[in-house]
Amino acid sequence: MTTFKNERALRSILLLAASTLVLSAFVLGVQGSAPPAALDPEPGRPRADVIRIDGLQRFGPLERSAVTYLHEKHTRALAARNLDCLACHLPGEKALSTKFKRLEDTSREQTMAVYHTHCTACHRETAARGERSGPVSCAGCHQERPVASSWRDIGMDKSLHFRHVKAQENRCETCHHQRDPATEKLVYVKGQENNCRSCHREVPVEKVRSLRQAAHEQCIDCHRKRIARKEEGGPIHCSGCHDPALQAKIEKLKEVPRLLRGQPDQTLVKAARRNAPPIDPAERVNLVAFNHLGHETYVDTCRACHHETMASCAACHPLEGAKEGRFVTLQTAMHRGTAEPSCIGCHNAAKRKPACAGCHEAIPVKDPPDVAGCASCHVPKPEGLESGADRQAVARRLLEARKTAAASYADEEIPENVEIKALSRTYEGVKLPHRRIVKALAQGAAESRLAAAFHRDPGTLCQGCHHNSPAAKKPPACASCHGQPFDPRHPGRPGLQAAYHLQCMECHRSMGIAKPAATDCTGCHKEKR
Amino acid sequence: MSISRRRFLGWMGAAGAGFAAAGRAHAGAPPRGAGNPDALGVLFDVTRCIGCRKCEEACNRVNELPPPERPFHDLAVLEKRRRTDARTYTVVNRYTGIEGARGPVYRKVQCNHCLEPACASACFVRAFTKNADGSVTYDESVCVGCRYCMIACPFEIPTYEYDKAFTPRVMKCTFCHPRLVQGLLPGCVEACPAEALTFGRRRDLLRVARARMAQSPGRYIDHIYGEFEMGGTAWLTISGVPFRAIGMREDLGTTPAPELTKGALGVVPVVAAMWPVLLTGIYAINRRRDRIAREEREAAVAAALARAEDEAKKKLAEALAKADKDKKAAIEREVKKALEEAARARAEASAPAAPEGGGETKPA
Amino acid sequence: MPFPKVTLERPRWTPFNIVAAIIVVVGLAITGIRFTQGLAATTRLSDYNPWGLWIGFDLLVGVALAAGGYVTSAACYLFGLKRFHTAVRPAILTGFLGYALVVLALHYDVGRPWRLPYPFLVQQGTTSLLFEVAACVALYLTVLFIEWTPAALEWLGLKRARNLVVRLTLVLTIFGVVLSTLHQSSLGALFLIAPSKLHPLWYSPYLALFFFVSSIVAGLSMVIFEGALAHRYFHHKMDEAHRREADGVALGFAKAASWVLAGYFVLKVVGVAQADAWRHLASGYGAWFLVEVIGFVLLPCFFFAVGAREKNLKIVRFTAAWAVLGIVINRFNVGLIAFNYHLPAEERYFPHWMEIGISLFIVTIGILAYKFIVSHMPILYAHPDYEPH
C-alpha cells in the first residue's frame, strides 16, 4: 500500500471508475431495476396456476419467503417427457394426494426435506440433460414473484351439476355423502344431499378435509380415470376450471330439470324463536309467502340462498339469532341489503342487471329498508281460508293473488315528447322522446318477475327518473327541487344542469347504451346558432 | 350561468356571515389544522366524471391562460397521460383497463389546496398564502424562483415558466380565489356538466361524500381521498376504483408537511444558543490549558535560574572567602617571614654578642 | 484535475490556461443565453424536476466542500490545535471562494436572481428551511469574507484595519461554526418535506445530521486534498512554517476524518434501521446505496486510519480525494439520483450540456481566483511584517 509505482495512472483509473459508477447510478436510477425474468411464454398474461408453497406455515412462521410455483409450467414440462401426475403426486387410499410427493404433513423437517430433495433433484437431472430447468439455489425458489393471477373460484351450478348427473347416470352417491356418526363411515342418504361446503370448509375441520383438498382429490381423480377410460372427462389442469376464459367455455345447458330434495313449491317463511313458545300470530308481522319453485329458476345454485347448509333459514337464523348463524337474526338474514344470500341483498344484486340498473343505480339503497316497502312481501293472510290450512296452502293462495305483470299507465297517458330547455345557453334544449323511453323501460320491467312483483303502482316506474316524490301521474318538475345548484342546506343535491345530465348519462351508462357518448354534446343537443 | 351566479352570491351572503367573521379572526395567521370551519372545498366524484374537458376549458378561460395546442373539445389528448404545466392549471386523465371498472375512468388533477400546504411552508418569501376561504394562492411579486415549492409539493402540482427569462412565475391552480371573493364559483366547478365537482364547505362535503357511499353500496371505495392525506386537503376525491389505479399516491401518509420540518427548524434556536456557549467554553478551556502550561513552563525556568544563581553566589562567596583566607595567610606568612628575617639579621649582627632577651621584638 | 505546474510570473498559453480560457468563454456565452432566454433554453429542468445540477452540484456539493473553512478555523482557534495554524488561511480562502461561487451559481438557478435579497429584505418565510439556509449562507459568506480580509489587507498594507479584524478572530470563528452547523444541516433538512419523493434508503429524519456530519468529513478531506494540490503547484509560495506543518496537518486531519467517517457510517446504519428500510437494500437502489455507504464511507474511513497510523501521506491524500468523491456522490444521490425515484424513466432528469458547462465555468472561476489570490496575498506564507494571529 505504501508504494504506488505508477501513482498517477492508478489515480486516473480510480477516478474513471468512480465516475463510471456515478454515471451508471444515473442510468440505474433512470431505468429502474430490471423486471424479473419472464416466467412463462406469455409474460404478463395473468395465469390461473399460481400456487404459493407455504404449507410449512402450519408448523410456525416461515423462515424464507414462500415459493411461487407455476403448476402448469411443470405439468407441461413433464408431459413433454411422457410423465403424468404420478411424477409428483402419490396415490392415496382413494385418490391421488394433492400434496407433493407425500400423503401427510408429518413434521416440519420431513415436509421441508420432501420439497428440497425432490425439487432440486429433478431440476438438476433436467439441467444435466441439457434442458431448460428450474432453480437449485435457495433464493432461486424462495422469493416473492409478482405473478399476476387470473384464478377464479368455480362452483357447481345447475347446468354443470346436471351434466354430472347425466354422466354419472343419476348415481348421486358418487359425490354426495355424509358421515354416519355411529360408524364414522361415509354413507349416502337419499334426500339428504348437502352442498359440499356445508362440511368441507376453507380449512380442514378435524378429519374433514378442506374444500380445496376434497374437491381437487375427488374431481381430478374422477376426471383422470374417465380420461384414462377414454370417456368424456372434465379438466385436470388448473386453468381448465379456474381460468376465467376457459371457465366461460364450459358448456351451459339451457334446460335443467328441477333438483328434488323434498323442498316445497311454495311456503310461508318460518319465523320462530328457538326453545320458546310460539308467538301469537296477532302480534306477529304477516308471514311472507315464498315461491321456492320460482326462485329455483332465478338462481344458479342452491347455495345462492342456502349458503352454509341446505337447512331452512330459520334453522341457523332464529328470530333471536344463534351461534350457528353467527348470531345473525332472521330479520337481518332476510333484509340485509348488502348480503347476497338475503332476500333483499339478492334482489339488489338483480337490480344491477342493465335492464334495471338504469333506474336503480341512482336509487339509494336503504339499509334497513324503507318501512313503506314492508307490505310488498308481508301480506295479510287471505280471508276465507279454513283455519287448519297448512303453510304451503296459505302460501299458494297468497302467491296466486300476487300480480304477475308490472302496472303501467296507458300509452296516451304518457306524454310523448318532453322538451327540456330551461337552461339552454351554448346548446339548444333537448326534445326528449319521453314515451319511447318509458315504453323501453316498461318493457324491461315487464320481462322481469321481480319487477312485476315490486312495481305495484303504475307510477312506480316513473319514479326511476321522477324520484323523491310520491308516485303520481303528474310528478313535480325537476326544477322544483334542482333549481338551485350548491344549496348549502342540501349540498348533495345537484343543480338543474347536472341533475339532467347525471340522470341521462348514468342511466345510459348503467344500461350499456353507448350512443350518444356522454362527451358528445351534439348527440343530444343542437348547437345554438 | 346567470341564475346560478345570483344564487351563489345569495348563498355566500347567507352562509358567509360566519365566514367573513372567521376570515377576520384568522387575519394575519393562516388557519392551521382543522382551520377555518367554514373553509370551502370541492368534492371530486370520480364515478361521475365523463372526461369532457369542460373544466380544463373553463379553467383556461377564467384564468386567462394561453390557448392550448389542441382545442379542448379534442378528446384524443386523453390518450396520453398529462400533468399540470405552466399553461395548464388542471388536466383530466383517462385510465382504462382498471379491474372492476365499467369502462374508462377519468381523474381531474389540480391543486388540492392542502389544509397545511407544503408549498407555503417551504417558501422562503411567503409567496404562498392559505386563505381563510380554503384556497392556497401565490404572489408572484415576491417570488425569487427557487422552486422549493415544487420540490415540497407531494402532489406535484406547482409548475414553473422555465421559458421566461425575466418574469418566470410559479403556476398553479388558485381555487379561483379571485372569483370566490366576488362570489363566483371556481371556473371548473361551474363548467362541470355532471357535477362531478361539488362545491361547498369542506365539512359539508365530507358529509356528502359519506352519504353517497352509504346510498350506493359498492359504488365507491370506502375512503375519502384528501380527508387526511398530508394533513387533509380542501379538495376531496371519492372513487369507485382504487386511488392508486388513477395515479393518486396512497403512501403519502397523514402528516402535514410543516410537521416534517418542524424538528429541523426547532433545532435552530438550540444551536444558535448552545453552540456559542459551548464553543466559547471549549475555547476558554483550551486557552486556560495553554496558559497554565505556559506559566508552569515559566515557573520552571525561573526556578532553574534561581537555582543556578544561588549556586553561583555560593561559589562566589566561597571564592571570596577563600581569597580572604589566602590573603590573611599570605600576610601572616609575609609577617612571619619578615620577623624571621629580622631575627636572623639581628642574630647575625650580634653573633659575637649574646642574643638579647628572648630574642623577641614586636613588629614595628 | 488538470492542474499542471504553472509559474505565475509567466502567464503564457499553457494547457491549463487554454482549457480555462475555453471554459470561461463558453461559460460566458451560456451565461448570455441563460439570462436572455431563460432556464428552458439552458437546462433540462422540468415541472417534475425543478432542481437539477445547479442545485445538486453547485449548491449541495459546493457548500459541503467549502466546509474546510469552519472545520479548520474551529480546530485551530477553538480547539487550540495551534499546529494547524498555517492551514487556516488557505482553508478560509477556499471556503470563502466556495461560498461566493455557490451564491454566484444560485444566480443562474433561481428564476429571478435580482430578487435573492427578498427573503431578508421584503418578506421572511421563516417556516422554510430554505430561509434558514439562505440566511446562514449569506451571513457565513460575510463572516468568511471578513475572516479572509486580513490577507487582503496585509497585501494592501493597511496595517491598522488588519489588526482590528484580527482581533475579531474568535468571535468570527464561533459565529462561523454556528452558521455552518445550521446551514450544512439544513441543506439536508430541505428534503425532509418530501418523504414521498426521496427513496426511503436516503430519506431519514436524520438527514440534517447526515449532512452536518458529512460536511465535517468534506471539510477535513478538502483541506488535505487542497493542501496536496497547493503543495504541488504553489510550493514556491510557501514559507518554511507552511512546509513544515503541512504534513502534520494532513495526518492530523486524516485521523480526525477517520473518526468522523466512522461515526457517520454508524449514523447511516441507524438511519436505515430507523426507517426499517432494510428490504430496499435488495433492489437496484439498495446496491447503489451500499456502494455509497461501504465504498465511499466505510472504506475511506479505514484508509484514513491506515494512512494516519502509518504516517503515509500518499494514502492520506489519495483517501482524501476518495472521501471528497464520496460526498459528491452522496449529495448527487439525495438531490438528483434517489430523488423522484418513483417517476417513470422518461420523466427523470439528466442535465443539459449547458448546465454542465456553467458548473464547470464556476469551478474554473474558483480555481482562477484561488490562483490569483494565492499568488499575490499572504495565504501560504506569513507576511513578514505581521505577527501571525
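A. Layout of the packing of aromatic side chains. Scanning the entire structure with this criterion turns up 28 aromatic pairs over all chains. Consider the rings of Phe175(B) and Trp235(B), whose centres lie 5.7 Å apart with planes at 65 degrees: the pair is edge-to-face. Residue Phe175(B) is located in the loop between β7 (170-171) and α5 (177-182), and its partner Trp235(B) is located in strand β9 (residues 235-238); the two are separated by 60 residues in the primary sequence. The pair Phe175(B) / Trp235(B) is uniform in exposure class, with both members buried. Ring centres of Tyr285(C) and Tyr341(C) lie 6.3 Å apart, and the angle between their planes is 85 degrees; this geometry places the pair in the edge-to-face category. Residue Tyr285(C) is located in helix α12 (residues 284-310), and its partner Tyr341(C) is located in the loop between α13 (313-337) and α14 (353-376); the two are separated by 56 residues in the primary sequence. Taking relative accessible area as the criterion, Tyr285(C) reaches 11% and is therefore assigned buried. Judged by relative accessible area, which is 24%, Tyr341(C) ranks as partly exposed. Among the aromatic side chains, those forming a connected cluster through ring pairs are Tyr148(B), Trp51(C), Phe191(C) and Phe339(C).

B. Here's a closer look at the packing of helix α7 (residues 129-156) of chain C against helix α8 (residues 159-167) of chain C. Residue and element names in this part refer to chain C. Axis separation between α7 and α8 bottoms out at 9 Å; the angle between their running directions is 155 degrees. The pairing of α7 with α8 is recorded here as roughly antiparallel in orientation. Considering the relative orientation of α7 and α8, their crossing is left-handed. Residue-level contacts link Ile146, Thr149, Pro150, Leu153 and Glu154 of α7 to Ala161, Arg162, Val165 and Val166 of α8. Across the contact of α7 with α8, the residue classes tally to 6 nonpolar, 1 polar and 2 charged.

C. Structural view of a nonpolar patch on the surface. All names here are of chain C. A surface patch of nonpolar side chains, amounting to about 570 Å² of accessible area, comprises Trp13, Ile18, Ile22, Val26 and Trp353. If you tally residues by element for the nonpolar patch, the top one is helix α1 (residues 15-37), at 3 residues. Take Trp13: it is sitting in the segment before α1. Given a relative accessible area of 67%, Trp13 falls into the exposed group.

D. Inspection of helix α8 (residues 257-349) of chain B at higher detail. All names here are of chain B. The end-to-end C-alpha separation of α8 is 136 Å, in line with the 138 Å expected for 93 residues at 1.5 Å each. Of all bends in α8, the biggest is about 35 degrees, found at Gly263. For α8, the full list of buried residues reads Ala257, Pro258, Leu260, Thr261, Ala264, Val268, Val271, Leu279 and Asn286.

E. Spotlight on the interface of chain B and chain C. On the chain C side, the residues contacting the 57 residues of chain B number 60 residues. Summing both sides of the interface, chain B and chain C together bury roughly 5000 Å²; the carbon and sulfur share of this comes to 61%. Per-residue buried area on chain B facing chain C is highest for Phe124(B), Ile151(B) and Tyr162(B); these three make up 16% of the total on that side. One can count 2 salt bridges joining chain B with chain C.

F. Structural view of the pattern of salt bridges. According to the stated counting rule, one finds 61 salt bridges over all chains in the structure shown. The salt bridge involving Glu296(A) is made with Arg258(A); its shortest N-O contact spans 2.7 Å. Of this pair, Glu296(A) sits in helix α9 (residues 292-298) while Arg258(A) sits in the loop between α8 (244-248) and β5 (266-268), and the two are 38 residues apart along the sequence. Owing to a relative accessible area of 30%, Arg258(A) belongs among the partly exposed residues under this scheme. The salt bridge involving Glu161(B) is made with Arg169(B); its shortest N-O contact spans 3.0 Å. One network of salt bridges, in which partners are shared, links Glu361(A), Glu506(A), Arg509(A), Arg102(B) and Arg219(B).

G. Geometry of the side chain of His317(A). Structurally, His317(A) is set in the loop between α10 (313-316) and α11 (330-335). When near neighbours in sequence (up to four residues on either side) are disregarded, His317(A) contacts His307(A), Gly325(A), Val328(A), Thr329(A), Leu330(A) and Ala333(A).

H. Main features of helix α2 (residues 54-62) of chain B. Here α2(B) has its buried residues at Cys55(B), Glu56(B), Ala58(B), Cys59(B) and Asn60(B). Two residues or fewer after α2(B) comes Glu64(B), characterised by a positive phi angle close to 50 degrees.

I. Local environment of the environment of Ile238(B). Residue and element names in this part refer to chain B. Following the sequence through the fold, Ile238 ends up in strand β9. Judged by its relative accessible area of 0%, Ile238 falls in the buried class. C-alpha of Ile238 to C-alpha of Ala196: the two residues are 42 residues apart in sequence and 10.0 Å apart in space. If near-sequence neighbours (up to four positions away) are discounted, Ile238 is found in contact with Leu43, Phe44, Asp45, Val46, Thr47, Ala209, Arg212, Met213, Tyr220, His223, Ile224 and Phe243.

J. Main features of the confidence of the model for chain B. Residue and element names in this part refer to chain B. Here chain B averages 85 in pLDDT, while 87% of its residues score no lower than 70. Ignoring residues within four places in sequence, the model shows residues 1-33, a span with pLDDT below 50, making 44 contacts including any to other chains. Taken together, the stretch residues 355-364 has pLDDT below 50 and engages in 4 contacts with residues farther than four places along the chain or on a different chain. If you check the scores for this complex, the pTM reads 0.80 and the ipTM reads 0.90.

Analysis parameters
- Residues numbered from 1 in each chain as written.
- Chains lettered and ligands numbered in written order.
- Predicted model: local features only at pLDDT ≥ 70, side-chain atom pairs only at ≥ 80, totals over all residues.
- Heavy atoms only, no water.
- Phe/Tyr/Trp six-rings, centres within 6.5 Å; stacked < 30°, edge-to-face > 60°.
- Helix = DSSP H or I, 4+ residues; strand = E, 2+ residues; numbered from the N terminus.
- Buried < 20%, exposed > 50% of the residue type's maximum accessible area, 1.4 Å probe, protein only.
- Axes fitted to C-alpha atoms, helices over the stretch in contact; angles between N-to-C directions.
- Parallel < 35°, antiparallel > 145°, perpendicular 65-115°, else oblique.
- Left-handed = near helix turned anticlockwise from the far one by under 90°.
- Contact = heavy atoms within 4.5 Å.
- Nonpolar A, V, L, I, M, F, W, Y, C, P; charged D, E, K, R; others polar.
- Patch = residues over 30% accessible without salt bridge, like charges linked within 9 Å, V, L, I, M, F, W, Y side chains within 5 Å.
- Areas by Shrake-Rupley, 256 points an atom, 1.4 Å probe, with all protein chains shown as cover.
- Salt bridge = Lys/Arg side-chain N within 4 Å of Asp/Glu carboxyl O.
- Expected span 1.5 Å × (residues − 1).
- Bend = angle between axes of the 7 residues up to and from the residue.
- Buried area = accessible area lost by both parts, 1.4 Å probe.
- pLDDT = per-residue confidence, 0-100.

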